Amino acid sequence: MRLLVSYVFPRLLQWAVVIVVGVTVAFAVPRLSPTQPVDQMLGRMSGMTATDPAAVASLRSAIIAMYGLQGTPLEQYGRFWQHLLRGDLGPSLTAFPTPVTEMIWQALPWTIGLLGISTILSWLLGLALGTLSAYRPHALWSRLLANGMVTIYPIPYFILALVLVLVFAYYVPLFPLVGGASGPPGLSLDYLGSIVWHAFLPALSLVLVLTAFRFLVARALASGVLSSDAVTFAETAGIPRRRIVSRYVMRNSMLPQITDLGLQIGAMFEGALITEVAFSYPGIGYRLFTAILQSDYNLILGVTLFSVVGIATAALLIDFAYPLFDPRVRYQ
Amino acid sequence: MSEPRDGIRPGLTRRDFVGRGVALGGLLIPGTSLAAFLSACESGHPVQETARTSAQLPVNVPRDKTLVIDQIFRYSVTKNFNMYSPTTPSPTRHGLVMDTLWYIDQQTGQWINALASDKPAYNADFTQMTVTLRSGVAWSDGVPFSADDLAFTVQTLMASPGLIWSSDMQVNVKGIAKQDERTVVFTLKKPNPRFHLYFTSAYNAMYMMAKHVWEKAADPRTFPNFPPVSLGAYTFQDVDPNGYWELYKRRDDWQKTTAGMVAQNPGPDYVLTLFYGDDQHKVIAMKQHALDVLIDLNTEAFQTLRKGTSSVSSWYNDFPWAYPNELNVRFFGFNQTRAPYDNRDVRWALALALDLVSLQTNYEGGVTRVTPFQVPAVPSLIGKYHLPLESWLQQLSIDVDGQAYKPYDADVPKRIGSWAKASGHNVSDSISQLHQLFGIGWWKHAPDMATKLLTKNGFKKDGSGKWQLPDGKPWAMTIIAAPDEADAYRLALGAQDQWKKFGIDVTVQSLERDPFNQRQYVGDFDVTSTWGALAPTAIADLWQGLNPFHSRYFAPIGQSTQAQGSNNWMRFRSPELDRVIDQLTGTSPDNAAALDLSQQAVKIWTEQMLTLPTVSFKKFVTTDSTWWTGWPKSDHADRQPLYWFMGGRFAVQKVVPAK
């Protein structure tokens, strides 16, 4: 009970405050920008079709009311919380009347699927290979691996993505140029296979860069642990090397990486814009990008809400879970 | 074995808990992702796979029966065909499934009767317009198109504020009456000889609603109209839930559509619109013959595509390749509520300080037509404005230091032609050919005259050759430009170089499209590198383009021009122009006086240098003839190749298999 009062409840309150402040900032910032979504819409319309200037003013008022943008920003803010508490984020201003929640739920699975798998895979690969490489720094495989990772890491991501597209979608057209799947959606093997086929190149690009980063960090951390007294003592005590690496070196060096993994998973809700653009792959990043460009207030707010909740919750869970990973940590 | 810790029940160790958690997470993430993928992927109607499908296409359709079209942008939302909603995507879709009464072809200027069998008939004072509808047209569900549909469409829009055309109908229409199954009479609130323009497509025009479908809609503003009952030659077939593609199938009764009746050709069995993304993806797709037509590329991407792919071409087979006849103009807009741009002499000085031949060649690759008018130099309008007014241009003079100076330079196309030859392109010396390729003339490059104009107005140069304003402050100018509009951006960079060389401290501010637009709307700029034309349709009458520039729609700085329905971002007020617009308002566009008044307006615009037009639009509308041929090209320019316009339906309808 003492733990709940002294740590858990305050930490939960902090979590809630972070979300409210984050959402409030996300509500205010687009409205402070000079871009006005209804003006943009009218601009696009007047450039395309016959319109009477005398009719435009009344059309503008009608659209503002239809999109729920009437009233002062404070009144709009009040309405936003009323709707949010009912689970309603309002309609998208660029895809009216589609609800923002529908647009997010439509895009999010692709992002979670791609980023979730590639993040965890690269985390595991980087951690394991980095630790092993630190333990055997002079082995040929270790030096080759380290040189490879050092070469990949500084390559700008969009260059790497471009090269992969050119090589594997043009010169050797093994993978598709566009989209997340082919054919009629369903539980058929063809369709599921097409999801993997479409995701392969973007996932490969992410795994390459993320693994390189994780490898270099893991190698550096493991090198520090290897020089510790505990490892020297274990070696002196004759404990097998495999056991030293898996039980002592890897476990001790992975602790900061767990924090990073948690935050990275929380940040998935922001999407991977460059990946989505470079590989023409669906996801939440491009949706947020176009929402920002077109001042789709509701969609910006919806994606930001998911992102703020994702990161704040990841941080909260890491804090709560840390004693499980590190028995030295106590909430006393 | 470890001891139980805080919050963990006895019997489950910390290591057990972590291990099981990781295992569960490893299963949950791919599992939930897959489940969510599938739940997000509701489909339309699957299409039968055939042996001739293309591996690069996302749907299984017979490639030799499918026209693959560049979708231009990715749809944020699918399964919504309420195209009266301001945010529903319209390019290409509206030509395939929607229809309207009339079209004006952007290439030829030809009037096309579509759902109406004849031109509109007005009464003497233009307060009534009678429409006679074509017979034999049917919706895709077999219901005949009738006068009820037209009357219902207008009445529904009038009762649905917020939808496109709703306010226009409220402002204009007093009543609409069906006389018989084929005849509808509009009664207007005020005389309007151009009311039919709402039903005459340039890019689009009022789409007809199927009364038997829409009358069941609870709220037309949120009605998705999905799947749409089509009045075009195609019906919706399938869609990518992520908005990358849409598939359409030709109607069996395509001959009961106006696209079929006008084009007299069945068109491809399927049309697949497909968003590939940036130029790089489009070039790869077309090189792989997985894209049959695309909207545009930048010059460098087009050259990459053209080289080594003999089946690919744009409008011309040779230089200057690109399609030059879209009705739009690039221009520099001066904010005329800000000094010194409110001074006509300053605007003329800036024009004379530019070397357009250098801009058109070095920055635009020589592939555009120059125009001194805010009217595009296209075949349907050159003969009505540029050529008839060239003698006026040659006589036009401006006062420079008390002397009349003639600024027009008729040799501009010759100099561009010389540049093209020197660059290895095959260009004729014939002046009519040069006019056709590069337009008529433009303003002389005369920095000495520009200097005199500025000096006359109190400008001075400092010791380093930089211009100072009449109040002694340095002249610093910012040009706003949107990099995604490549030609406008390149022109901004070119003007920056040239005006800097002339002694002005110029900066180009790059903005994303919407902030760029908004800065124009509220007047937050010195100079904008932008686009727009006085001729939104290929007809001689310029009222539609001129009217939003009437002073009554002037928006003060800080107030959006959009709230006034105006395109006057430059914020000028010209009583002379107002008088001509007022006269034109009551003149029928079919009256010869409409052309005369429109020419007067163009002269006033040009003399006062209200804007500084540079070149007409060009687009590398590019086709691959591997699977389909018959696209309009310069050697059979019988219709517009702008497939994304509503009138592009006829081009789509006319393509034929190559094999």
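Just so you know, these numbers come straight off a predicted model, no measurement behind them.

J.: Quick one: what's the story with the overall build of chain A, residue by residue and with numbers?
T.: Scanning chain A for helices and strands turns up 14 helices and 0 strands. The order of helices and strands in chain A, counted from the N terminus, is α-α-α-α-α-α-α-α-α-α-α-α-α-α. Dimensions of chain A along its principal axes, counting C-alpha atoms only, are 90 × 65 × 40 Å. Taking contacts inside chain A between residues at least 6 apart in sequence as the whole, the part at least 24 apart equals 72%. Distance from the positive charge centre (19 side chains) to the negative charge centre (14 side chains) of chain A: 15 Å.

J.: How would you sum up the interface of chain B and chain A? Please name residues and give values.
T.: Taken residue by residue, the interface counts 76 residues in chain B and 85 residues in chain A. The contact between chain B and chain A buries some 6,700 Å² in all, and 60% of this surface belongs to carbon and sulfur atoms. Applying the counting rule to chain B against chain A returns 19 residue pairs in polar contact (both at pLDDT 80 or more). Of all the secondary structure elements, the ones that give two or more residues to the side of chain B that touches chain A are helix 1 (14-40), helix 4 (166-172), helix 7 (279-287) and helix 17 (513-522) of chain B. For the side of chain B that touches chain A, the leading source of residues is helix 1 of chain B, giving 12 residues. When grouped by side-chain class, the residues that make up the side of chain B that touches chain A number 38 nonpolar, 27 polar and 11 charged.

J.: Account for the sheet that holds strand 5 (residues 128-132) of chain B, naming residues and giving values.
T.: Residue and element names in this part refer to chain B. Strands sit in the order 4-5-7-6 across an open sheet of 4 strands; the sheet is antiparallel. Taken across any chain shown, the strands that pair with only one partner, and hence form the sheet edges, are strand 4 (121-122) and strand 6 (173-180). Contacts from helix 3 (residues 147-158) reach strand 5, strand 6 and strand 7 (183-188) within the one sheet, and its direction differs from that of strand 6 by about 165°.

J.: Lay out a nonpolar patch on the surface with the relevant residues and their values.
T.: All names here are of chain A. On the surface, Phe158, Ile159, Val163, Val167, Tyr171, Val172, Leu174, Leu273, Ile274, Val277 and Phe289 cluster together into a nonpolar patch covering about 930 Å² of accessible area. For the nonpolar patch, the secondary structure elements donating two or more residues are helix 7 (157-171) and helix 12 (273-278). Considering each element in turn, the nonpolar patch owes the most residues, 5 residues, to helix 7. Relative to the assigned elements, valine 172 resides in the loop between helix 7 and helix 8 (189-226). Since its relative accessible area comes to 39%, valine 172 is described here as partly exposed.

J.: Lay out the pattern of salt bridges in plain terms, naming residues and giving numbers.
T.: Residues and elements named next belong to chain B. Tallying each qualifying case throughout the model produces 32 salt bridges over all chains. Note that aspartate 411 and lysine 414 form a salt bridge whose closest N and O atoms lie 3.6 Å from each other. For lysine 414, a relative accessible area of 43% puts it in the partly exposed group. Of the charged contacts in the structure, one is a salt bridge between arginine 513 and aspartate 484, with a shortest N-O distance of 3.3 Å. Of the two residues, arginine 513 is situated in helix 17 and aspartate 484 in the loop between strand 21 (476-481) and helix 16 (486-502); the sequence distance between them amounts to 29 residues.

J.: I'd like a rundown of unusual backbone geometry, residues and numbers included.
T.: Pro97(A) follows Phe96(A) through a cis peptide bond whose omega is 0°. Topologically, Pro97(A) is positioned in the loop between helix 4 (73-85) and helix 5 (100-135). For Phe126(B), which is not glycine, the phi dihedral falls at a positive 60°. With phi around 60°, Trp321(B) is a residue other than glycine that occupies positive phi space.

J.: Any details on the packing of aromatic side chains? Residues and values, ideally.
T.: Residues and elements named next belong to chain B. Applying the stated criterion across every chain, the model contains 52 aromatic pairs over all chains. Judged by centre distance (4.8 Å) and plane angle (70°), the rings of tryptophan 214 and phenylalanine 223 are edge-to-face. Pair check on accessibility: tryptophan 214 and phenylalanine 223 agree, each one buried. Taken together, a centroid distance of 6.3 Å and an interplanar angle of 50° make the contact between tyrosine 341 and tryptophan 475 tilted. Taken together, the positions of tyrosine 341 in the loop between strand 14 (329-334) and helix 9 (344-352) and tryptophan 475 in the loop between strand 20 (467-468) and strand 21 put the pair 134 residues apart, joining distant regions of the chain. Across the pair, exposure class does not vary: tyrosine 341 and tryptophan 475 are buried alike.

Rules behind the numbers
Residues numbered from 1 in each chain as written. Chains lettered and ligands numbered in written order. Predicted model: local features only at pLDDT ≥ 70, side-chain atom pairs only at ≥ 80, totals over all residues. Heavy atoms only, no water. Helix = DSSP H or I, 4+ residues; strand = E, 2+ residues; numbered from the N terminus. Contact = heavy atoms within 4.5 Å. Lys, Arg positive; Asp, Glu negative; His and termini not counted. Charge placed at Lys NZ, Arg CZ, Asp CG, Glu CD. Buried area = accessible area lost by both parts, 1.4 Å probe. Polar contact = N/O pair within 3.5 Å; in protein donor to acceptor, adjacent residues only side chain to side chain. Nonpolar A, V, L, I, M, F, W, Y, C, P; charged D, E, K, R; others polar. Pairing = 2+ DSSP bridges. Axes fitted to C-alpha atoms, helices over the stretch in contact; angles between N-to-C directions. Patch = residues over 30% accessible without salt bridge, like charges linked within 9 Å, V, L, I, M, F, W, Y side chains within 5 Å. Areas by Shrake-Rupley, 256 points an atom, 1.4 Å probe, with all protein chains shown as cover. Salt bridge = Lys/Arg side-chain N within 4 Å of Asp/Glu carboxyl O. Buried < 20%, exposed > 50% of the residue type's maximum accessible area, 1.4 Å probe, protein only. Phe/Tyr/Trp six-rings, centres within 6.5 Å; stacked < 30°, edge-to-face > 60°.

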